[in-house]
Amino acid sequence: MSVVLRVRGRVLAGPEDVRDELWVIDGRVTYDRPSGAAARDVRTVTGWVLPGLVDAHCHVGLDAHGAVDEATSEKQALTDRDAGTLLIRDAGSPADTRWIDDREDLPKIIRAGRHIARTRRYIRNYAHEIEPAELVAYVAREAGRGDGWVKLVGDWLDRGVGDLAACWPRAEVEAAIAQAHRLGARVTAHCFAEESLRDLVEAGIDCVEHATGLTEDTIPLFAERGVAIVPTLVNIATFPKLAAGGEGKFPRWADHMRRLHERRYDTVRAAYDAGVPVFVGTDAGGSLAHGLVAAEVAELVTAGIPPLDALSATTWGAREWLGRPALEEGAPADLVVYDEDPRADVRVLAAPRRVVLNGRVID
């Protein structure tokens, strides 16, 4: 008979739903105290409890040069797990990480297939690099490879103009997003700049990554259509360094990147105030380290998002958005235990006391 886990203290089952304890039986959450033989072998964990954290923009199987081997992918996934990230939306990877689904000790992953980018308009070895006439076909292909998401590269440096520019014509984007929706997939897009946003949203996109180019003209459109953003502020923090590195060849681009960085907090707060759904993502994988989910939550708070809503963006709200359970009755027991109340100070997330994945305490 497997060990029953009793989790005591303050169980944050929802933003306003605080319980005194939960039980884990056969890897599942229950709020009913077990009786008889099931209660004889009990392990107790005590503290402040949250659902397993969500990193909604992460790349397992990817580094700065492209796909990595399974040993490196495993190390990335373990780093995220030990930081409390137990659900990942993998926002594009050239590596096949399906083997992770068979590992009870690794985070659950929702994949978006491989990035789809314009030819020579993205990081080498990351994406399918194609022309607009091929976009619909490639979106259909990646919808079949993913777990209900497809990832486009919506803008990137255009060397011909020396600045960020949209990658896709409006008609092709509309057709591609419609095709993804027919196949039951949602679509998200990498977007740093302003130019591509209106076309993508009016074409029916479901989410935008980074979204640093949001303005007072496009924020209301995002709010009206319910288009989510994943700001990845820990990644946007690298913009000044990127700008310095490229200023010699592309001064217009470098200046643009600095301006996007300077207004990043105002942009996120304005989107939140307008009712745009905001979720936590780190952009770990490419050139950024894994395990940064706590830092990203803290960045959202710095931007002016209330702590409880910043927590929801990596717990209850994020899981609902992705269609995965939190700590409701019968859900897989994926949870993180802390010494202090994370609602009072989100920096508590950086030091989990215990991580429980599929009902197993990770020691």
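What counts as what
- Residues numbered from 1 in each chain as written.
- Predicted model: local features only at pLDDT ≥ 70, side-chain atom pairs only at ≥ 80, totals over all residues.
- Heavy atoms only, no water.
- Helix = DSSP H or I, 4+ residues; strand = E, 2+ residues; numbered from the N terminus.
- Rg over C-alpha atoms; globule rule 2.2 N^0.38 Å.
- Buried < 20%, exposed > 50% of the residue type's maximum accessible area, 1.4 Å probe, protein only.
- Contact = heavy atoms within 4.5 Å.
- Areas by Shrake-Rupley, 256 points an atom, 1.4 Å probe, with all protein chains shown as cover.
- Phe/Tyr/Trp six-rings, centres within 6.5 Å; stacked < 30°, edge-to-face > 60°.
- Lys NZ or Arg CZ within 6 Å of the ring centre and 35° of its normal.
- Core = buried A, V, L, I, M, F, W, Y, C linked by side-chain atoms within 4.5 Å.
- 1 Å grid on protein atoms, 1.4 Å probe; cavity = no way out; pocket = protein on both sides within 12 Å on 5 of 7 lines; lining within 4 Å.
- Points joined across faces, edges and corners; volume = space filled by probe spheres on them.
- Nonpolar A, V, L, I, M, F, W, Y, C, P; charged D, E, K, R; others polar.
- Pairing = 2+ DSSP bridges.
- Axes fitted to C-alpha atoms, helices over the stretch in contact; angles between N-to-C directions.

A few words on the overall build of the protein chain. Within the protein chain one finds twelve helices and 20 strands. For the protein chain, the C-alpha radius of gyration of 21 Å lies close to 21 Å, the compact-globule estimate for 363 residues. The principal-axis extent of the C-alpha atoms belonging to the protein chain is close to 70 × 40 × 35 Å. Looking at the protein chain as a whole, 55% of its 363 residues are labelled buried. A sequence separation of at least 24 residues applies to 66% of the contacts in the protein chain between residues at least 6 apart. For the protein chain, the accessible surface area stands at approximately 14,700 Å², while carbon and sulfur atoms represent 47% of it.

Scanning the model with the defined rule gives six aromatic pairs in all. Among the aromatic residues, ring-to-ring pairing joins Tyr122, Tyr126, Trp156, Phe192 and Phe239 into one connected group. Here Arg19 stacks its cationic end above the ring of Tyr31, 4.1 Å away from the centre of that ring.

What follows deals with the nonpolar core. Membership of the largest hydrophobic core comes to 78 residues, with the highest contact counts inside it found for Leu152, Ile205, Phe222 and Leu300. Look past the residues within four positions of Leu152 in its chain and what remains in contact with it is Ile116, Leu135, Val139, Trp168, Val187, Thr188, Ala189 and His190. Membership of the second largest hydrophobic core comes to 16 residues, among which are Val45, Val49, Val337 and Val361.

A separate point is empty space enclosed by the protein. Within the structure shown, the criterion is met by one cavity of 30 Å³ or more. Contributing to the lining of the largest cavity are His210, Ala211, Thr212, Leu214, Ile229, Pro231, Leu233, Ile236, Arg264, Thr267 and Val268. Looking at the lining of the largest cavity element by element, the count peaks at three residues for helix H9 (residues 264–274). Its residues assigned to classes, the lining of the largest cavity shows seven nonpolar, three polar and one charged.

Moving on to the layout of surface pockets. Size it by volume and the largest pocket reaches roughly 930 Å³. Surrounding the largest pocket, 28 residues form its lining, Tyr122, Ile123, Arg124, Trp156 and Leu242 being those nearest its centre. Those elements that place two or more of their residues in the lining of the largest pocket are strand E13 (155–158), helix H7 (239–246) and helix H8 (251–262).

Moving on, we get to the sheet that holds strand E9 (residues 108–111). What links the strands of a sheet is backbone hydrogen bonding, and the strands pair in either a parallel or an antiparallel sense. Spatial ordering of the open sheet is given by E5-E8-E9, a layout of three strands whose pairing is parallel. Each of the sheet's edge strands pairs with one partner strand only, and the pair in question is strand E5 (53–58) and E9. Averaged over neighbouring strand pairs, the angle between their axes works out to 20° when direction is ignored. Across four bridges, the pairing between strand E8 (residues 85–90) and E9 is parallel.

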